[in-house]
Amino acid sequence: MKIKAAVVNEKGAPFEIKDDVELSELQPDDLQVHMVASGICHSDEALKKGDAVIGYPIILGHEGSGIVEKVGSEVKNFKPGDHVVLSFYGCGSCVNCLKGVPTQCLNYAANNLSGVRPDGSAHFTENGKQVADMFDQSSFTTTTVVRERNAVKVPKDIDLRKLGPLGCGYVTGSGTVLNTLKPKPGQTIAVFGTGAVGLAAMMAGRISGCTKVIGIDIVDSRLDLAKELGATDVINSKNVDDVVAKVKELTNGLGVDFAVDSTGITSVMEDSIKVLAQGGTTATIAVTPNHIDLDTWNDLCVDDRKIVGVNMGDSIPQIDIPRLIEFYKMGMFDFDKTEKFYKFEDINQANEDSKSGKTIKPVLIIDDSYQPE
Ligand SMILES: [Zn+2]
Ligand SMILES: [Zn+2]
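The text that follows walks through the structure, step by step, so that each part is easy to find. (Residues numbered from 1 in each chain as written. Chains lettered and ligands numbered in written order. Predicted model: local features only at pLDDT ≥ 70, side-chain atom pairs only at ≥ 80, totals over all residues. Heavy atoms only, no water.)

Focus: helix 6 (residues 220-229)
If you check which residues of helix 6 are buried, you get Arg 222, Leu 223, Leu 225, Ala 226 and Leu 229. The arc enclosing the buried residues of helix 6, seen along the axis, measures out at 155 degrees, which places them on a common side. The exposed residues of helix 6 that point more than 90 degrees off its buried face are Ser 221, Asp 224 and Glu 228. On the buried face of helix 6, the contacting elements are helix 5 (196-207), strand 12 (212-217) and strand 13 (233-236). Immediately downstream of helix 6, the backbone of Gly 230 shows phi near 140 degrees, a positive value. (Buried < 20%, exposed > 50% of the residue type's maximum accessible area, 1.4 Å probe, protein only. Helix = DSSP H or I, 4+ residues; strand = E, 2+ residues; numbered from the N terminus. Arc of directions from axis to C-beta. Contact = heavy atoms within 4.5 Å.)

Quick look at the structure:
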């Protein structure tokens, strides 16, 4: 069937909305999903400008929310009409998926970043020419097909337009804290960067019962939002001489038990180690080409500190996303305060506003006839 999609024709080119893209046939374990909305993530921009090349032309988007239209013959858990959020694919049968860690799926790259369907066929074509996909999802489309394992059923009584970013940015930030760092009540955490990922990490710090949740950024308006969402303290690093000293001052000279770096900036990643108390752990989770200078003895060993990398918040989307929605309903995870809606046609503006930091989480409204129940 023909669909409308935002295509990036070559490295760095703008999104071009086309209505002659051909969607591939439904396979037995596929859902056909009518897209209602999609978040825009910094990883979309990274692929658009060629940092991690899948190939061009490509249809990006991996924070989609939509309604199931059709199901393949082997689909067990979904039916037409179900509301879904789309996320990454874990194969379910490799050793890491069997251990319950689908973010370490041995087939992750082949399934999510190969640009084609799992059997190697084209997900999309235009005039007979293959158009690459992202995450086997490509949510910048009016309709897509995804495997059942890419989808998470969500309740129908919540505005579906808001929910797509739960599939990547929010699950990454919150999962890093709830699944990986696992602070105990009364412990402390500092989060560098107050984008969607950083704010989700802060909200998760609050959910975990951290008594200090310190948000660090250079934009006052974002720090105000961080306070509204759960930061107990904020630091504008432009206004202080020494961020590390300031964090220690806020924690009785000890430093924090946990830190999260969502910025990917070399000096900031290094600070995220220096702010740690003895025995502390920092998680560096930004998609970044930058490196850090690490003195393993003095930075880590002497004070028994740890640095960990985390992919997609160590999440199991089918468990984590419904849990985040429950926290949202309880007023403990107000992720929607970071969102701003844009028309699908304004995708280039929305992406620019994300890049400039004007909008924390742009959400494209793909079906403007959708009304929340
Ligand atoms: Zn993403
Ligand atoms: Zn697997």
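Examining the coordination of the zinc ion (ligand 1)
Think of it this way: four donors in a tetrahedron around the metal ideally sit 109.5 degrees apart, and six in an octahedron ideally sit 90 or 180 degrees apart. Here the zinc ion (ligand 1) is held by Cys 41 (SG), His 62 (NE2) and Cys 168 (SG), and the distances to it run 2.0 to 2.2 Å. Along the chain, the residues that donate to the zinc ion (ligand 1) are spaced as C-x20-H-x105-C. In this pair, Cys 41 sits in the loop between strand 3 (30-39) and helix 1 (42-49) while His 62 sits in the loop between strand 4 (58-59) and strand 5 (64-71), placing the two residues 21 residues apart along the sequence. For the residue pair Cys 41 and His 62, the accessibility class agrees, reading buried in each case. (Donors = N, O, S within 2.8 Å, 3.2 Å for Na, K, Ca; no water.)

Digging into the nonpolar core
One broad rule of soluble globular proteins: the nonpolar side chains tend to lie buried together. Of all hydrophobic cores here, the largest spans 84 residues; its most connected members are Phe 140, Leu 163, Leu 166, Ile 189, Phe 333 and Leu 364. A per-element tally of this core places helix 5 first, with eight residues. Listed in part, the 13 residues of the second largest apolar core include Ala 190, Ile 214, Val 256 and Val 268. (Core = buried A, V, L, I, M, F, W, Y, C linked by side-chain atoms within 4.5 Å.)

Remarks on the packing of helix 5 against helix 6
Where helix 5 meets helix 6, the closest approach of the two axes is 9 Å, and the angle between their N-to-C directions is 30 degrees. Compared by their axis directions, helix 5 and helix 6 come out roughly parallel. As for how helix 5 packs across helix 6, the hand of that crossing is right-handed. From helix 5, Leu 199, Met 202 and Met 203 reach across to helix 6, where they touch Leu 225, Ala 226 and Leu 229. In the contact of helix 5 with helix 6, the residues fall into six nonpolar, no polar and no charged. (Axes fitted to C-alpha atoms, helices over the stretch in contact; angles between N-to-C directions. Parallel < 35°, antiparallel > 145°, perpendicular 65-115°, else oblique. Left-handed = near helix turned anticlockwise from the far one by under 90°. Nonpolar A, V, L, I, M, F, W, Y, C, P; charged D, E, K, R; others polar.)

Focus: the packing of helix 4 (residues 169-181) against helix 10 (residues 317-329)
One way to put it is that helix 4 packs onto helix 10 with a least axis distance of 11 Å and a crossing angle of 90 degrees. Accordingly, the angle class assigned to the pair helix 4 and helix 10 is roughly perpendicular. Touching Tyr 170, Val 171, Ser 174, Leu 178 and Asn 179 of helix 4 are Asp 320, Ile 321, Arg 323, Leu 324 and Phe 327, all from helix 10. Classifying every residue of the contact of helix 4 with helix 10 by side-chain character gives six nonpolar, two polar and two charged.

Side note on the pattern of salt bridges
One pass over the structure, following the stated rule, counts 20 salt bridges. Here Asp 136 ties to Arg 117 by a salt bridge, and the two come within 3.0 Å at their closest N and O atoms. With Asp 136 in the loop between strand 8 (129-131) and strand 9 (143-147) and Arg 117 in the loop between helix 3 (108-112) and strand 7 (124-126), this pair connects stretches of sequence that are 19 residues apart. Of the two residues, Asp 136 and Arg 117, neither departs from the other in class, the shared state being buried. Here Glu 352 makes a salt bridge to Lys 355, at a shortest N to O gap of 3.1 Å. Taken together, the residues Glu 352 and Lys 355, both in helix 11 (residues 347-356) and three residues apart, mark about one turn of the helix. (Salt bridge = Lys/Arg side-chain N within 4 Å of Asp/Glu carboxyl O.)

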